[in-house]
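Results of the structural survey
Read off the chains here:
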Amino acid sequence: MLRLLRTSIVYRSAFIVLGIALLVGIFFALLSYHFSAQSEQAQARQRMQASLSTVENTASIACFVLDQNLAAELVRGLLKNGDISRVQIISDGKVLAEADKQSTQKSETSALAILPGINASNQLVHEVYSPFNPNEKVCEIHLDPNLDFIREQSTSKARFIVYLLLLQALAMASAVVYVVLNMITRPIKNISDRLHTLAPESGDKLGLPDGNEKDEIGQLVRDVNTLVASLLKTLNEERTLRIKHAIGEAKFQTIFENAETGIFQLNFAGELLSYNPAFLRMFNLDANSGSTNIANALTSLLEGQELRLHLMIDTAINEARVMSDDFYIQLTSTAHKKWVHLVISPAEDGILQGLVNDITERKSQEESANQLAVTDHLTGLNNRLGFEKEISRLSKEHANGNAAGFFLLMIDLDKFKQVNDSHGHTVGDQVLIHFSQLVSNTVRRSDFVARLGGDEFIILLKDLTHLAKAEEIAQKIITQVSIPISINDKLAVQIGASIGISYTGPTEFIADDLLTQADAAMYEVKRSGRNAYRVVHLGGHQSPQDAETV
Ligand SMILES: Nc1nc2c(ncn2[C@@H]2O[C@H](COP(=O)(O)OP(=O)(O)OP(=O)(O)O)[C@@H](O)[C@H]2O)c(=O)[nH]1
């Protein structure tokens, strides 16, 4: 029952209407019962008065002559009136005649209780006057109302009204049920059933219920159709977007997986969060390398360059910009050094994204080009540019306090012009090549040899503080260069070398002084007869051990 009330508008509305009708009916029944009791009592009094009027004359005579029989007859006659329960005729304080109905006394209390508008005090007392003298009272007639009778009368009237009201309530409830069922519930149920089977994707719409086209239900159906159409449109748009998104994702996934460029994400500590296969290939890693090794691949493989990497990360985060730099990686599995170009940019919160490309080939081409730029094409030694770069590098090393002292030997060949003049430039070239090999074989691999131009050479004897060793090398060169050089086993040419030697200590470094003074020393040798060496005494500068001027 409760479930029906909860789930059915018909039952609920019928129940409510019936309940209200019953309450209203009970209220009006009580009201009508009260008023009908009042009116019944008044009518009873009128009827009693009417009965008295009919016996007025007879009573007057009976009292005047004190005829008890007539009085008794009168009393019986009056008692026939259903509204009267007891009759007394009293003359001069004595009861002339009296009679009552058996049940009157018994039910008086209950009748009083039921009928608040009627009580015993409603006794009707009628004075009777002499038939001959209208001013002479001869007796009184006391009539008690028959309360049971009056109650029955009023009750039956009230019951009739209650029945009528109940009938009306029932009729109203039925009407409400009918109206609600036919005008509200059934159309709504039809709409609901239709909605259950509706296939909006095929363009289905709810039909307008007959007779409801212009009312609220019709409006509801139109609104539902509009809502369904708009939902369908949104669903279609979302589906299209999802498909596009899926296609896009698949494309990007393919690019991500197949790209030759390493793509990765890392956190601010430089730990990898995600990476593509190209990234693993680039760093000679694979799925078996272990997650920790992979996560730390960048920082561990860029050993010695972590500072630059973290500087890139910090700048990318703090200045929100794209940072890039070249790094080399020394892979354990291969002997060769690999060069990578790293691009890092901030992505989402706490995450950076990056690209890494293998630039080993480009780097080696660059290195070849750089090498070519600093190489003397005839002898394969460094050229003037190479020398200048080396001096500049050493200058930085000294500035950082990372350098030891070294000797600079400025060499100019003696009588080389004659070779050219006598045997031609080709022979001169061969002499230059011979000399460069001679010098290269005399010094250590870590020393630096350059041809500044023409027949001018320079040697940097690095990490050397013993002048004796420098002098020994200078002397060795002078000795060896003075041995006639055989050209194609057909010709022997004789040259010599003048050498100026300067020195710089581990801390102080003035490149121009070093070169100028070595040059000056070399010219000094030239002036003094050639084919010898001279050591510059660098006053004010730290002198080499056992320094001396030769
Ligand atoms: N074969 C050849 N000769 C060169 C080259 N570059 C410069 N020369 C020549 O080298 C000579 C160098 O001149 P000098 O140093 O004055 O001649 P030198 O005979 O050695 O004179 P001293 O140094 O005074 O002994 C010149 O004749 C230049 O033309 C080169 O690449 N090949």
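Quick notes on the rules
Residues numbered from 1 in each chain as written. Predicted model: local features only at pLDDT ≥ 70, side-chain atom pairs only at ≥ 80, totals over all residues. Helix = DSSP H or I, 4+ residues; strand = E, 2+ residues; numbered from the N terminus. Buried ≥ 20, exposed ≤ 12 C-beta atoms within 10 Å, placed from the backbone. Contact = placed C-beta atoms within 7 Å. Pairing = 2+ DSSP bridges. Axes fitted to C-alpha atoms, helices over the stretch in contact; angles between N-to-C directions. Near = placed C-beta within 6 Å. Nonpolar A, V, L, I, M, F, W, Y, C, P; charged D, E, K, R; others polar. Parallel < 35°, antiparallel > 145°, perpendicular 65-115°, else oblique.

- As annotated in an unreviewed UniProt entry, the chain carries the name PAS domain S-box-containing protein/diguanylate cyclase (GGDEF)-like protein and is attributed to Undibacterium pigrum.

1. Topic: the overall build of the chain
- For the chain, the helix and strand inventory stands at 16 helices and 16 strands.
- Among the 550 residues that make up the chain, the fraction classed as buried is 27%.
- Contacts spanning at least 24 positions in sequence make up 59% of the contacts within the chain whose residues lie at least 6 apart.

2. Examining the sheet that holds strand β6 (residues 272–275)
- Sheet architecture is open: five strands sit in the order β6-β5-β9-β8-β7, paired in antiparallel fashion. The strands lining the two open edges of the sheet, one partner per strand, are β6 and β7 (323–330). Neighbour-to-neighbour, the strand axes of this sheet turn through a mean angle of 30 degrees, independent of strand direction.
- Pairing of strand β8 (residues 337–346) with strand β9 (residues 351–358) involves seven bridges; the strand directions are antiparallel. Bridge assignment links H341 to a residue of β9, and that residue is N357.

3. Focus: the site of the ligand
- Taken together, 16 residues lie near the ligand, and F416, K417, H425, G428 and G454 sit nearest.
- For the shell around the ligand, the class distribution of residues is four nonpolar, five polar and seven charged.

4. Observations regarding the packing of helix α2 (residues 9–64) against helix α3 (residues 68–79)
- At a minimum axis separation of 10 Å, α2 and α3 run at an interaxial angle of 170 degrees. In terms of orientation, α2 lies roughly antiparallel with respect to α3. Residues S51, V55, T58, A59 and A62 of α2 form the contact with α3, whose participating residues are L70, A71, L74, G77 and L78.
- When its residues are assigned to classes, the contact of α2 with α3 shows seven nonpolar, three polar and no charged.

5. Focus on the environment of A21
- In this structure, A21 sits in helix α2.
- C-beta crowding within 10 Å serves as the criterion here: with 19 such atoms nearby, A21 is assigned to the partly exposed category.
- In this structure, A21 is in contact with A169, M172 and A173, ignoring residues within four places of it in sequence.

6. Topic: the pairing of β9
- Here six bridges tie strand β5 (residues 262–267) to β9, and the two strands are oriented antiparallel to one another. Note that in β9 the partner of I263 across the bridge is L355.
- If you look at the hairpin formed by β8 and β9, you'll find four residues sitting between the two strands, and G350 has a positive phi there, around 80 degrees.

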